[in-house]
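What the coordinates show
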Amino acid sequence: MTENAVSQEAQLRNKIVHFGRLLYERRLAHGSAGNLSALLDDGSILVTPTDTCLGFLEPGRISKVSTTGELIAGDRPSREACFHLAVYAERPVARAIVHLHSTYAVAVSCLCHDNADDVLPPLTAYHVMRVGKLPLLKYFRPGDRALARAVGEAARSHHAMLLANHGPIVAGKTLEEAIYAYEELEETAKLFFMIGNRKTVQLSHYEIAELNTAFPS
Ligand SMILES: [Zn+2]
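This text gives an overview of the structure that appears in the document. These figures come from a predicted structure and were not determined experimentally.

Considerations on the coordination of the zinc ion
For a metal with four tetrahedral donors the ideal donor-metal-donor angle is 109.5 degrees, while six octahedral donors give ideal angles of 90 or 180 degrees. Distances from the zinc ion to its protein donors, namely E80 (OE), E80 (OE), H99 (NE2), H101 (NE2) and H166 (NE2), fall within the range 2.0 to 2.7 Å. Along the chain, the residues donating to the zinc ion fall in the pattern E-x18-H-x1-H-x64-H. With E80 in the loop between β4 (71-73) and α2 (81-90) and H99 in strand β5 (residues 96-99), the pair connects residues that are 19 residues apart, well separated along the chain. Each of the two residues, E80 as well as H99, counts as buried.

Below, the structure written as structure tokens:
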């Protein structure tokens, strides 16, 4: 490995630890639920280990996994690493992924939705800019290979998606970008429940198109 590759990997390991603790302290991650990953230049990924609390990660124990899922270094990876690999395979711009079981987003994932193509309303500009359309994928048992296939397929056209009765997956060009988008998604889900059945003013098609032009992803 070159010196650059070593420092890239060390930096990403430290970043995953830092953000894991932050997400845990903000109560977006609980118990051993959720996982973070980042892509390395050689195509392998760093992903949080299985049965580990995101609040107490150790840089050297974070799993390093090949594109085909073999463990290269660190502890045994999350059993959800397979859908992280599927996103990287199908979405070349993705360099980091956040998947959590945060309360409000999971609550949205348990509702019946008339339109599964986009399950949160365009309430704010920042939701439109950071999350965009949020499709709901059907329920799969954890670890089901079909889940990774469905996630990979959705990742071709979306950087954020919601797994039914489970939680969101959000990809970004950096770990920061993926985390900020995830937090925006959770806040919009919270607003969605706070507003309840009240009539809302949502951003129009024109306003959404204007944002997409001004801030292309
Ligand atoms: Zn999960």
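Some remarks on the sheet that holds strand β6 (residues 136-137)
Taken in spatial order, the 8 strands of this open sheet run β4-β3-β2-β1-β5-β8-β7-β6, and their pairing is mixed. Here the strands that pair on one side only, and so sit at the sheet edges, are β4 and β6. Here α2 sits on the sheet in contact with β1 (35-39), β2 (45-47), β3 (63-65), β5, β7 (160-163) and β8 (167-172), set at roughly 35 degrees to β1. Strands β6, β7 and β8 of the sheet are contacted by helix α5 (residues 145-155), whose axis makes an angle of about 150 degrees with β7.

Re the environment of G132
If you trace the backbone, G132 turns up in the loop between α4 (125-130) and β6. As a C-alpha pair, G132 and H158 span 26 residues in sequence and 8.2 Å in three-dimensional space.

A short note on the pairing of β8
Looking down a regular strand, the side chains alternate between one sheet face and the other. Counted residue by residue, β8 has 6 buried out of 6 residues, so it is predominantly covered. Both β5 and β8 contribute to a ladder of 4 bridges, which runs antiparallel. In the sheet register, H99 faces β8, and the bridge partner there is I169. Where β7 folds back on β8, the antiparallel hairpin that results is connected by 3 residues, among which N165 adopts a positive phi of roughly 55 degrees.

Criteria and thresholds
- Residues numbered from 1 in each chain as written.
- Predicted model: local features only at pLDDT ≥ 70, side-chain atom pairs only at ≥ 80, totals over all residues.
- Heavy atoms only, no water.
- Donors = N, O, S within 2.8 Å, 3.2 Å for Na, K, Ca; no water.
- Helix = DSSP H or I, 4+ residues; strand = E, 2+ residues; numbered from the N terminus.
- Buried < 20%, exposed > 50% of the residue type's maximum accessible area, 1.4 Å probe, protein only.
- Pairing = 2+ DSSP bridges.
- Contact = heavy atoms within 4.5 Å.
- Axes fitted to C-alpha atoms, helices over the stretch in contact; angles between N-to-C directions.

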